[in-house]
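Descriptive analysis of the structure
So the chains spell out like this:
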Amino acid sequence: MTRDNRTQSALPLKEAVQNHIAEEKLTPSELGGLLAMQRDVLEEHREQKAPRAFRVPGWLLATAASTVLAVSVFMWQHTSQQALSRDIALEVAENHLKLKPMDLETQSMNDIRRYFSQLDFSPTNSGLMADQFALPEGLMIGGRYCSIQGITAAQLRYKGQDSALNTFYEVGYDEQVFGDLPNIDNGETPKEILVKGLKVTLWVEKGLLMALVKDM
Amino acid sequence: MHPQMLDEGQLQSLFQYAMVLSQHRDDAYDLLQSAVESYLVTLKRGKTDIDNPLAYVRTLIRNRYIDHYRHRERWPSESFEELAVYDISPVDLEQLTIDSQELEDLWGQLSLEDRDILYHWAVLGYSTDEACALLDIPRGTFLSRIHRLRKRCRMIANSQSRQE
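For every chain, the first residue of the written sequence is number 1, and numbering continues from 1 along that sequence. Just so you know, chain letters begin at A and ligand numbers begin at 1, following the order they were written in. Where local features are concerned, this predicted model is filtered to residues with pLDDT of at least 70; where side-chain atom pairs are given and counted, the filter is 80 or more; whole-chain, interface and lining totals use all residues.

**Some points on the overall build of chain B**
Secondary structure elements follow DSSP: runs of H or I no shorter than four residues count as helices, runs of E no shorter than two count as strands, and numbering proceeds from the N terminus. In terms of regular secondary structure, chain B is built from 8 helices and 1 strand. Each helix and strand of chain B, ordered N terminal to C terminal, gives the series α-α-α-α-β-α-α-α-α. Exposed residues have 12 or fewer other C-beta atoms within 10 Å of their own C-beta, buried residues have 20 or more, and residues in between are partly exposed; the C-beta atoms are placed from the backbone. Counting all 164 residues of chain B, 29% fall into the buried class. When contacts within chain B are restricted to residue pairs at least 6 apart in sequence, long-range pairs at least 24 apart make up 67% of them. Whether two residues are in contact depends on their C-beta atoms, placed from the backbone: they are in contact if these lie within 7 Å.

**A look at the nonpolar core**
Put simply, a nonpolar core is buried Ala, Val, Leu, Ile, Met, Phe, Trp, Tyr and Cys residues tied into one set by C-beta atoms within 7 Å. One finds Ala18, Leu32 and Ile61 of chain B to be the most contacted residues of the largest nonpolar core, which totals 38 residues. Counting residues per element, this core draws most heavily on helix 1 (residues 8–22) of chain B, which supplies 8 residues. A domain assignment, automatic or from a database, supplies the domain bounds used here. Domain assignment of the residues forming this core places at least three in each of domain 1 (8–71) and domain 2 (80–163) of chain B. Once residues lying within four places of it in the same chain are set aside, the contact partners of Leu32 of chain B are Leu14, Phe15, Ala18 and Ile61 of chain B. In this structure, Ile112, Phe168, Trp203 and Leu212 of chain A belong to the second largest nonpolar core, which totals 29 residues.

**Thoughts on the sheet that holds strand 6 (residues 191–195) of chain A**
Only when DSSP finds a minimum of two bridges between them are two strands counted as paired. In space, the 7 strands of this open sheet follow the order 2-3-4-5-8-7-6 (chain A), with antiparallel pairing throughout. Of all strands in the sheet, those bounded by a partner on one side alone are strand 2 (104–105) and strand 6 of chain A.

**Examining the pairing of strand 4 (residues 151–159) of chain A**
All names here are of chain A. Strand direction decides the pairing type here: strand 3 (residues 140–148) and strand 4, joined by 8 bridges, are antiparallel. By the bridge assignment for strand 4, Ser147 is matched with Thr152. Where strand 3 folds back on strand 4, the antiparallel hairpin that results is connected by 2 residues, among which Gln149 adopts a positive phi of roughly 50°. In the sheet, strand 4 pairs with strand 5 (residues 165–172) via 6 bridges, with the strands oriented antiparallel.

**As for the packing of helix 1 of chain B against helix 6 (residues 112–122) of chain B**
Residues and elements named next belong to chain B. Angular values range over 0 to 180 degrees, each being the angle between N-to-C directions of two axes fitted as lines to C-alpha atoms, with helices fitted over their stretch in contact. Contact geometry for helix 1 and helix 6: axes closest at 8 Å, N-to-C directions at 150°. Taken together, helix 1 and helix 6 sit at an angle that is classed as roughly antiparallel. From helix 1, Tyr17, Val20 and Leu21 reach across to helix 6, where they touch Leu112, Arg115, Asp116 and Tyr119. Looking at side-chain class alone, the contact of helix 1 with helix 6 contains 5 nonpolar, no polar and 2 charged residues. Should an angle fall under 35 degrees it is called roughly parallel, over 145 degrees roughly antiparallel, and 65 to 115 degrees roughly perpendicular, with every other angle called oblique. Under the grouping applied here, Gly and all other residues not named as nonpolar or charged are polar, the nonpolar ones being Ala, Val, Leu, Ile, Met, Phe, Trp, Tyr, Cys and Pro and the charged ones Asp, Glu, Lys and Arg.

**Re unusual backbone geometry**
Although it is not a glycine, Lys196 of chain A adopts a positive phi angle of roughly 50°. Its identity is not glycine, yet Gln23 of chain B carries a phi of approximately 60°, on the positive side. Mapped onto the elements of the fold, Gln23 of chain B is located in the loop between helix 1 and helix 2 (25–44).

**Brief notes about the interface of chain B and chain A**
Counting residues at the interface gives 39 residues for chain B and 35 residues for chain A. Only helix 1, helix 2, helix 3 (53–71), helix 4 (91–95), strand 1 (97–98), helix 5 (100–107) and helix 6 of chain B provide two or more residues apiece to the side of chain B that touches chain A. Sort the elements by how many residues they give to the side of chain B that touches chain A and helix 2 of chain B lands first, with 10 residues. Looking at the side of chain B that touches chain A residue by residue, the class counts come to 20 nonpolar, 11 polar and 8 charged. Both strand 1 (residues 11–12) of chain A and strand 1 of chain B contribute to a ladder of 2 bridges, which runs antiparallel. When the sheet's bridge partners are listed, Pro12 of chain A is paired in strand 1 of chain B with Thr97 of chain B.

**A short note on helix 7 (residues 128–135) of chain B**
Residues and elements named next belong to chain B. Among all positions of helix 7, only Thr128, Ala131 and Cys132 are buried. Each buried residue of helix 7 sits inside an arc of 100° when the element is viewed along its axis, so together they form one side. Turned more than 90 degrees away from the buried face of helix 7 sit Asp129 and Ala133, all of them exposed. Taking the helix axis as origin, the arc is that swept by the directions to the C-beta atoms.

**Some points on the environment of Gly108 of chain B**
Relative to the helices and strands, Gly108 of chain B is located in the loop between helix 5 and helix 6. As for Gly108 of chain B and Gln23 of chain B, which are separated by 85 residues in sequence, their C-alpha atoms are 8.1 Å apart.

**Side note on the packing of helix 6 of chain B against helix 7 of chain B**
All names here are of chain B. Put simply, helix 6 and helix 7 touch, their axes get as near as 9 Å, and they point 130° apart. Judged on the interaxial angle alone, helix 7 and helix 6 are oblique. In this structure, helix 6 meets helix 7 at a crossing whose hand is right-handed. Contact residues: Asp116, Ile117, His120 and Trp121 in helix 6; Thr128, Ala131, Leu134 and Leu135 in helix 7. A class-by-class count of the residues in the contact of helix 6 with helix 7 yields 5 nonpolar, 2 polar and 1 charged. When the near helix sits turned anticlockwise from the far one by under a right angle, the crossing is termed left-handed; a clockwise turn instead gives a right-handed crossing.

**Some points on the environment of Ala211 of chain A**
Residues and elements named next belong to chain A. Along the chain, Ala211 falls in strand 8 (residues 208–215). Residue Ala211 is classed as buried on the basis of its 28 C-beta neighbours within 10 Å. For the pair Ala211 and Tyr169, spaced 42 residues apart in the sequence, the C-alpha separation amounts to 5.0 Å. Contact partners of Ala211, with chain neighbours within four places excluded, come to Ile88, Val92, Tyr169, Val200, Thr201 and Leu202.

**Comments concerning the confidence of the model for chain B**
Residue and element names in this part refer to chain B. Values of pLDDT, which run from 0 to 100, indicate the predictor's confidence residue by residue. The share of residues in chain B with pLDDT of 70 or more is 77%, and the mean pLDDT across the chain is 78. When pLDDT is averaged over each helix and strand of chain B, the minimum, 68, is found for helix 4 and the maximum, 95, for helix 1. Predicted confidence for residues 77–88 stays below pLDDT 50, and this span has 16 contacts to residues more than four positions away or in other chains. Reported confidence for the predicted complex is 0.81 by ipTM and 0.53 by pTM.

Shown next as structure tokens:
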């Protein structure tokens, strides 16, 4: 390019910056994924908030009000909890399938604690991982930051004795965000959800929400 | 479409902002995805008074990126020298010209905050003073950045002249 040509192609800085930034675009599939994610969440939210389409006569409403209310509350809680658990399971399953590069490679939970200083909790070993899933600390290969329902979380990876890769997630448990999930410290049984051909196990332990994703 | 749903144009714009900050395609997509997730969680919790979802999610992207880089200690900190005041009018920025290849060369050398300011100024249409106030960057620091930007533009132009 000659000096004259370059001078001719020089743009005001503002326009050049606008052009440079506008070159970056989401692919159609990335765009579709983000639109679908919003639709799923917002439509479901709207359905949950939609008013009932029919009217019950006043006298019947008066006699049945308490029953209807109790059933409605139970159903609403049940439905939203199911949907919320499924959202969490889908999110960790997607992280499992993406398998992005690890931030840290280690077999030590102490290294994990030192590295993941950005979390608002301290990563810890789960009693279930060694006892129930045969994934003791020694089979850990590392971890990376991730998020669950918008909250920063740790993803730890374990290579099982069968060489299968398992991803394990920890995040500070907040019932307002994650809903009511079984707490194994209270003797409750972890919840299993099958999504995308994977088995996701969710439970609360030591004040943390934990999730394990395994191939089936 | 749900009134609070981000449309295609808004998502592309947010992705471009995430690219301005991270300069890495995968990181930018992750940043955008996690910010949109966080926005949806906020809506699900019943917060309905978000007047400008685009600005709200843009702020989420910036905060997340800053948190991440502070953690990795890569977020730039200002040196005392950089606080020196330069006699440069904001009008100078409007008068700078650059060709696309020069900008391409320069863009990768700019600091995060420089790119952030340029984005707010060139794409979002803020004045430089407004951008400084919004991004909480002292005006003196900003002027010193522009001073360096002009020097870099000149250096690139000079080195290309010599090559020719």
